[in-house]
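# Examining the three-dimensional arrangement
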Amino acid sequence: MLTASAILTDGLVYAAYLFIVAIGLTLIFGVMKILNVAHGSFYAFGAYGAATAVGIYTNADWPAAIGFLLMLAMGMAIGLVLGIILERGILRLVYGKDEVIIVLVTYATFLILEDVIVLIWGPQSYAAYQPMVSAGNIEIGELVLSNYDIVLVAIAALLAGLAYWALKFTRYGRLLTTVIFDRETAAAFGVNVTLVYTVTFVIGAMLGALGGAVMAPKIAVTLGIGVEVIVLAFAVVAIGGMGSIEGALVGALIVGICRAAAVHLVPQIELFVIYGVMALVLVVRPYGLFVRAQPRKI
Amino acid sequence: MGGRGQLAGGLMFLFAAAAAPLLPDWVVSLVTIAFANALVVLGLVVLWRAGLVSFGQALYYCIGAYAVSLTARWTGFTDAFALVLIGGVAAGLMAVLIGFLLARYREIFFAMLSLALSMILYGVLVKSESLGSTDGFSVATPTFLGYAPHRDALGLALYWLTLGVDAIGAVLVGVYFRSVAGALAAPIRDNEIRVEFLGVSVTSIIHIKVVVAGILGGLGGALAALAIGHVDPNMAYWTTSGGFVFVTILAGAGSVAAAFVGSLVFEAVRSFAFDVMPQLWQMTLGSVLLLTILFLPDGLGSLVARLKRRREAKS
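Residues numbered from 1 in each chain as written. Chains lettered and ligands numbered in written order. Predicted model: local features only at pLDDT ≥ 70, side-chain atom pairs only at ≥ 80, totals over all residues.

### Some words on the overall build of chain B
Applied cut-off: Strands are runs of DSSP state E lasting at least 2 residues, helices are runs of H or I lasting at least 4, and numbering of each runs from the N terminus. Each radius of gyration reported is based on C-alpha atoms, and the globular scaling rule is 2.2 Å times the count of residues to the power 0.38. Think of it as a crowd count around each C-beta: if 20 or more other C-beta atoms lie within 10 Å the residue is buried, if 12 or fewer it is exposed, and in between it is partly exposed, with C-beta placed from the backbone throughout. Two residues form a contact once the distance between their C-beta atoms, set from the backbone, is within 7 Å.
Counting its regular elements, chain B contains 14 helices and two strands. Here chain B has a C-alpha radius of gyration of 19 Å; the compact-globule value for 315 residues is 20 Å, and the two agree. Taken along its principal axes, the extent of the C-alpha atoms in chain B is 55 × 45 × 40 Å. Among the 315 residues that make up chain B, the fraction classed as buried is 50%. Restricting to contacts in chain B with at least 6 residues of sequence separation, those with at least 24 account for 82%.

### Topic: the confidence of the model for chain B
Cut-off, in case you're wondering: Confidence of the predictor at the level of single residues is given by pLDDT, which spans 0 to 100.
Looking at chain B as a whole, its pLDDT mean stands at 81, while 97% of the residues score no less than 70. Prediction confidence for the complex, expressed as pTM and ipTM, is 0.84 and 0.79 respectively.

### With respect to the interface of chain B and chain A
Applicable threshold: Residues are grouped as follows: Ala, Val, Leu, Ile, Met, Phe, Trp, Tyr, Cys and Pro are nonpolar; Asp, Glu, Lys and Arg are charged; every other residue, Gly included, is polar.
Listed by partner, the interface residues are 37 residues for chain B and 35 residues for chain A. Ranked by residues supplied to the side of chain B that touches chain A, first place goes to helix H5 (residues 107-127) of chain B with 16 residues. Each residue belonging to the side of chain B that touches chain A can be placed in one class, and the counts come to 27 nonpolar, seven polar and three charged.

### Comments concerning helix H12 (residues 270-284) of chain A
For the record, the criterion: Multiplying 1.5 Å by the residue count of a helix minus one yields the expected span of that helix.
Across its 15 residues, H12 of chain A extends 22 Å between first and last C-alpha, which sits within 8% of the 21 Å expected from 1.5 Å per residue. Among the 15 residues of H12 of chain A, eleven are classified as buried, and the element is accordingly described as predominantly covered. Buried within H12 of chain A we find Leu-271, Phe-272, Val-273, Ile-274, Tyr-275, Gly-276, Val-277, Met-278, Ala-279, Val-281 and Leu-282 of chain A. Buried-residue contacts for H12 of chain A involve helix H10 (225-240) and helix H11 (245-265) of chain A together with H5 of chain B.

### Some words on the packing of helix H11 (residues 238-251) of chain B against helix H13 (residues 281-295) of chain B
Residue and element names in this part refer to chain B. Let me state the cut-off plainly: Each axis is a line fitted through C-alpha atoms, taken for helices only over the stretch in contact, and angles between the N-to-C directions span 0 to 180 degrees. Small angles under 35 degrees read as roughly parallel and large ones over 145 as roughly antiparallel, with 65 to 115 read as roughly perpendicular and the rest as oblique. Take the far helix as your reference; a near helix turned counterclockwise from it by less than a right angle gives a left-handed crossing, and one turned clockwise gives a right-handed crossing.
Relative orientation of the contacting elements H11 and H13 amounts to 40°, with a least axis distance of 9 Å. Here H11 is positioned oblique relative to H13, judged by the angle of their axes. Remark: the crossing between H11 and H13 carries left-handed chirality. Of H13, the residues touching H11 (which contributes Phe-246, Ile-249 and Leu-250) are Leu-285, Leu-289, Thr-292 and Ile-293.

### Some details on the environment of Val-261 of chain B
Residues and elements named next belong to chain B. Along the chain, Val-261 falls in helix H12 (residues 256-276). For the pair Val-261 and Ala-251, spaced ten residues apart in the sequence, the C-alpha separation amounts to 7.2 Å. Contacts of Val-261, omitting those with residues within four sequence positions, involve Ala-251 and Leu-300.

### Comments concerning unusual backbone geometry
Residue and element names in this part refer to chain A. Although it is not a glycine, Lys-33 adopts a positive phi angle of roughly 60°. In this structure, Lys-33 sits in the loop between helix H1 (2-32) and helix H2 (39-60). Since 15 C-beta atoms lie within 10 Å of it, Lys-33 is described here as partly exposed.

Given below as structure tokens:
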């Protein structure tokens, strides 16, 4: 019983983390058809920015709540700047090329950004555990939960709700839906597709950086944290269906619960299980759970 | 590549083989690694001509490498020729199996699924104590039909072995490119439904390509394992695959020779960048890749073609 509830809670927390990272990736893919490898860099930049923010507020001795907000703000600001630079400076040059070529462009960007991190923050690793500690723990029955983890799940739920509301009930969201459905027709009807692209990419970048920022207190912020995140986010997005937000949610839950179950029951297959599930889903539904197969064009 | 190109390529190989004893050790080992990796790149070129990019070619690379080191470890059998063959066959068998699945996918889905499969192997290796876990293990010193060289002589022997395997691979892939199945790559890339209307099964052609690429990947991994003397799970990690894709784009899919030149340039740039600015070598690689895609979309190989065209226009 304890194991079952531990699997459920651990899985939920892990799923929250995966969802926050994957939603930006799937948004960018859905609108722009770009599989963005540099998303891992956004995550890493967000985490480093948050670590810096934590350093600032512990030195200045501000209350924990302000520190936490500063952390999020720092992450989002970095995502904003990076997103604008990448979209306007690099991606704009390759729109219209093969999807696979654009993946490689983002891969090149990712390589460059990995070293930019070293240039800015140096090769040492950072600890940013203070918010996690000051949040404290809560006991439910025999289970000890960190309040920080609960906040993490709340943030993920909030993001999911926000994304649903924004896509369904705001003007920008409706415009976005038309662009996702058919870019050229949307452009013909006067939608400013260039602007939609920029805004979408920047929002995606901010979400990626936000993912890094909220995870910073739970991990050691060190070189190479972006590398693993990319493949994890890919797995989540591929399971749910690329470009589908509800797909990202379901994919994150599946991967989160499966991994938690593996960690508690058969720790040897922890990594195997994530990609195993992904391969299994792709075998049955090549385009993921929430995306229909495209008819082939002659 | 016409008859003249083949002759030039053959002469280059003979020259490279003959020059080896005069070269310093570090050049010999650099070229050995570069040419071992060139086989993997050649496999990616085979796929790329049909418009497919595999972000998981490290799977076969790693299988080839582990096949070599495990065979030597478990049976005490150390003949380099047989070990390399075992590496190629092991990876080829895996490719036959995976091909049934992978041949149905295209574009990004092909890339993602191959990525997932290589990450599965990575996950298994990292968590398996009996397979060396994250540390991997060292590869036994190989022998060559009873001849057991040491140190410098071993480096040279591996260099010649790599050149030999490369030459055979290059010739066979050249033959494959000129065959009907190979020549259909470009039409498949352009419009595969029309190819099916010709009465050809695109799925089985792609399956063959996956297997060819897999065998080449396994051979490359086997040679690399012997040359490096150590295997670890990072050989299956996606960044390894990314490196191979990088070289493929850098070299371009124009010819067989491009894979070898590209691989050599990549290895040279990498060790140079690593020596001169260890903090910035990834940035160097990324910038080179970005500039290649922006200004030389068909790779370094297209420079040669461009020069040739200019000369023809002059005369």
